[in-house]
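The lines below spell out each chain.
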Amino acid sequence: MAAADSPSAALRRRDLCSRGIRLAGKMRADVVDLLDAYVEQQGLDASASVAAVEGVPLAAVERWDEQTGTQRLLENLAAYRAFRTLLAQMLEEQREQLGEADAGLGRALAAVLLQVSAFAYHLEELLRLESRGIPGEEEDGPPPPPRLSLFEQKLRGLGVLRELAQWAVRSVRDLRQLAKPSPATGTAPGLAESP
Amino acid sequence: MFSRWNWVACGFYLVLSICSPDASGGLVQSCGHIIPESPVLALGSNFTALCILNESCLDFGNIYASQIIWKIKNRLVPKEQYREINRTVSSVTFNDTSSLATPLTCNILADGQIEQNIYGITVTVGLPPEKPKNLSCVVHQKSRLTYVMTCTWNPGRHTFLDTEFKLRHSWPEEIFPDCIPKDVNNSCTISDIQFFVNTEIWVEAANALGKAESDPLVVDPVDIVKPLSPQNVSVSSGVLPTGLKLSWENWISDTVMTLKFNIRYRIAGDMNWMEVPSEDTASPRTSFSVQGLRPYTKYVFSIRCMKEDGVGYWSDWSEEKTGITTEDQPSKGPPIWRIIDASHSPASWTVHLMWKALKPFEANGVILQYEVTVRDKSSLSSPLKKYNVTSTNHTLQLPNGTYEVTVIARNSVGASPPSVLLIPASNSKAPVKNLRTVPKHDKLWVGWTAPNSYVLKYVIEWCLVSSSSDCIIEWQIALGDVQGIDLKGIKPFKCYLITVYPLYADGQGSGESVKAYLKQDRPSKGPTVQTKKVGKAEAVLTWNHLTVEEQNGFIRNYTILYKTIDGNETVVTVDPSKTEYTLSSLTSDTLYTVRMMASTDNGSRTGPDFTFTTQKFGKGEIEAIVVPVCLAFLLIVLLGVLFCFNKRDLIKKHIWPIVPDPSKSNIAQWSPQVPAKHNFNSKDQMYPEGSFTDVSVVEIEADDKKSFSEQDLKPFDLLKKEKSTSEGHSSGIGGSSCMSSPRQSVSDSDEGETTQNTSSTVQYSTVVLNGYRDQTPVQVFSRSESTQPLLDSEERSEDHAGGADSTAQRQQYFRQNGGQDETNTDRPCFERTKQITHANEGDLVGFVQLQISGQSSQPLGLGMEKNTQEAALSNVLQTCTEGQTVRPETVEENPLSVDEMPKSYLPQTVRQGGYMPQ
């Protein structure tokens, strides 16, 4: 916490929050665009119902406003690490299926993947500023996905992107909450309670 | 002998060992090699190479390291740089690699100075890369979703080596692929840029000599974005005539960045841009209404954007879009002025009303017409007169009076405020004071001091002064609170007449004028000077003023320069208002050259030279000389006349001797019976004997009349004989008739003086023809002496003489005469004498008479010829009878009978047929 009290740490935190908010906003906009392209390219129905993706925490949460900052950061970090893995898998499957036929979708997927990675980095930095240890990636990472059929891959991809869009919205809200001055940091004791 | 064969074998081996394929590897078996192999060296460093010989070559070829020589590109390396390490290794050292070149070869100098190459290497010299500097990156937006980042840097010095530059960027947990520049070494473009993450960017440069890395640039690419300019810009008219609405699209997503804008606009045709205040457009938007514009004006708009927080770069300006504001009613009335022409009739005016078209920003639309209203202020009952005019002038015929003229401009929206002009009966108000002009670049500033009264406006009139055309008036109105305006469109070197009228609320002030030039030059020509009057010591010069077109400025003065041919030039400065000047103190009778120079503030120009010559005498000098001379002459003449008058008797005696009129001569009636009529008596009285100093008397005794022709030569024979004593004294008739002048006869005479006296003076001579040897003189004849040549008369006389009595005798005479003329030209005296003596007595009388009568046909020359002939005859006689005494009485003793003598000189011989005028 001492580091968080220093002016430079506060500035750094504010900058990370600000940048993270904008990154999450852009990521959501890009994911929405990507969803449209993905549905069209994969021949899916945009209104198709997709089951929850395994390994990804749900963006929707009860008592969101009661969460501590650390809890928010840790949940976000766990979610985006899962998205990073899933998106990398999607990108690999995309290349296997289409090769270089649809480079635009692949580039868009790669761009979203980069943004997810960048956002995860932001979250890690914020956790460092909170003087919190960063959980190991292997511990929190999703289990290796079972071998799925092509259609199931497409549906899973659609589900991943939809959940990512949801998480992007939530992340903006979480970071805005974190970016608030003292009252937000006043929830610091909550951080201690988090595992 | 052995040694020689040994060396030949050695050389052969070397060639074989170099050229023949190796039995094992199939490659060239070299006798040695160089270490290092093809090095890359830093420029300026030192370098050592080793040449190592193979042992096999030592054994067979007897070659050792001491025989090694080094060469750089066929240039021998100095042996001071060699070092023999052992018998197979030689080294060479270079302290500065800049002296190195490719190839560096190791050679063997065998016996017999045969040089063989052992090995060679390529040496590359260069520099390690410098640290790249000034790295900067810009993210360019290429489309809605596409961004590329272009970074540039300073690669540093040239390395002379292949140097690879890499642009690298990374996140803390991820390193991205390198960007390798193509064809350049100072920039590279990275695609797939991700925003909102701090990215570390740096440049690596590497070559064979080293590697360098720039300072890293850590930046969020979103902070270095240069977005695309707003697209699809459009301009639309708003409700207000002073506003236009600008709309556009932003091509960058709000999720990436929010934008702020710059809007600039200008009036079409004007190059100066105006900008909407930046704080008005500092928030994200896609439209903006620009206010404060002029009605009915075409505007050009352009817009640009950048990240709202100002971090990053402005986009380029968008394409220009135009829009026109709507019309509004004219903002002001047209400036109005008038020219009053009262020359036709003093009771009425011709008023030329003129107004200026409103400027576009004043007209606020298209002016459809002007409404002119004229109100007679002197008569309240007179109705208003209205005129609708589409031009900018109107001419009115008005009686002399005071009028109020109003002009309104009207467009489709409405009418302008009225412009009012008061036309008074006279300009009696106070004028402006201290009117002056100052040139300012291409404008002429006109300033004045306001009168004491309040002035509504000022009207400034100006026109180009010309000697060939009328002044075309231009005018301008200035507000009453200004005291100077700039006149535009003024040409340099031209004279302008500027007049300023103050307009008061109740009338108009009189105009104040000034002439001005925007820029002056020297005159285009000089004045032509000439003289109006030239005297002995002064000359009045006159010239004409230069025309206003020739002046090119204000003529400050004239300068007269005059000089004599060899004298110094004198300079006189003359006031420019004068056209005449008198030069004084000139030298008389001297040629002067004068020229004239006109000067403005900016230079002078000289006119043509003019020359004149001063007079020799001044005015009255000639009169002062001539009048006294004339008076003196007249006085002398008068005195002479008086003297002559007093001495008239004496003068008359010398000048006009009494010459008897031959017509009244007694000879005509001469007869022995009337000797009393002969006036010899009087002569005797006038010239008593002894006082006749210049009269000769010749007595010739006439022989028998019939034998005269034969015997009359005798006395001349005597004369011939006497000529021995009197030779040179011959003169008189003979001389005169033979010679053409008395002077020539004088030349024949030895006694020139006497002859001259007798020829130059009128004498009276008496010829007495006595009878020859006591015979009765045939004739006494007296006549005056003359210098008239007698040749013609004598010839005529001879003709007559011949014709009077005997043709035969005359023919004989002519024969003799002709022969004598041909043979005795040197004896004129005797010839003449013969002619005379050939005639008989009657012939002689006839001769004389005919001679006179023949001359009587020439009345004007009568006297002179008579005198000359008489003088000549007397001379002859005098000469030939020198020493004889002449007595007048003898005349009376031998009178001729009246019947024998002709009574007059009338040409009786003509009647006789003996004389014809020749």
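Residues numbered from 1 in each chain as written. Chains lettered and ligands numbered in written order. Predicted model: local features only at pLDDT ≥ 70, side-chain atom pairs only at ≥ 80, totals over all residues. Heavy atoms only, no water.

Looking at an unreviewed UniProt entry, one finds chain B named Interleukin-6 receptor subunit beta and attributed to Cnemophilus loriae. Quoted verbatim from the Sequence similarities (unreviewed entry) field of UniProt, the annotation for chain B is "Belongs to the type I cytokine receptor family. Type 2 subfamily." In its Subcellular location (unreviewed entry) section, the UniProt record describing chain B reads: "Cell membrane". (UniProt positions renumbered as here; feature names shortened; annotations may be inferred.)

Within an unreviewed UniProt entry, the label attached to chain A reads Ciliary neurotrophic factor, and the organism entered is Cnemophilus loriae. Looking at chain A in UniProt, the text filed under Sequence similarities (unreviewed entry) is "Belongs to the CNTF family." According to UniProt, the comment filed for chain A under the heading Function (unreviewed entry) is "CNTF is a survival factor for various neuronal cell types. Seems to prevent the degeneration of motor axons after axotomy."

A. Broad picture of the pairing of strand β48 (residues 603-606) of chain B. Residues and elements named next belong to chain B. Here strand β47 (residues 591-600) pairs with β48 via four bridges, running antiparallel. Bridging across to β48, methionine 597 finds its partner in threonine 606. Counting the residues that bridge the hairpin from β47 to β48 gives two residues. (Pairing = 2+ DSSP bridges. Helix = DSSP H or I, 4+ residues; strand = E, 2+ residues; numbered from the N terminus.)

B. Representation of the state of the cysteines in the model. All names here are of chain B. According to the stated counting rule, one finds three disulfides over all chains in the structure shown. Here cysteine 51 pairs with cysteine 106 through a disulfide, and the sulfurs are 1.9 Å apart. Residues cysteine 51 and cysteine 106 are joined through a disulfide that is left-handed, its torsion about the S-S bond being -85°. Taken together, the residues cysteine 51 in strand β3 (residues 47-53) and cysteine 106 in strand β8 (residues 104-110) connect sequence positions 55 residues apart. (Disulfide = S-S within 2.5 Å.)

C. View of the sheet that holds strand β7 (residues 89-94) of chain B. All names here are of chain B. If you walk across this open sheet you meet the four strands as β1-β3-β7-β6, and the pairing is antiparallel. In this open sheet, the two edge strands, each paired with only one partner strand, are β1 (32-35) and β6 (82-84). Across this sheet, the average inter-strand angle for adjacent strands is 20°, counted without regard to direction. Relative to β7, β3 runs antiparallel, the two sharing six bridges. Within the sheet, the bridge partner assigned to leucine 50 lies in β7 and is serine 91. (Axes fitted to C-alpha atoms, helices over the stretch in contact; angles between N-to-C directions.)

D. Examining helix α2 (residues 7-42) of chain A more closely. If you check α2 of chain A, its first and last C-alpha atoms are 50 Å apart, about what 36 residues at 1.5 Å a residue would give, namely 52 Å. Following α2 of chain A by one or two positions, glycine 43 of chain A has its phi on the positive side, about 75°. (Expected span 1.5 Å × (residues − 1).)

E. Geometry of the sheet that holds strand β30 (residues 385-389) of chain B. All names here are of chain B. Reading across from one edge, β30-β29-β32-β33 is the order of the four strands in this open sheet, with antiparallel pairing throughout. Sheet topology places β30 and β33 (419-423) at the edges, where each strand pairs with a single neighbour. Shown here is a sheet whose adjacent strand axes are inclined to one another by a mean of 20°, direction ignored. Here five bridges tie strand β32 (residues 403-410) to β33, and the two strands are oriented antiparallel to one another. By the bridge assignment, glutamate 404 is partnered in β33 with leucine 422.

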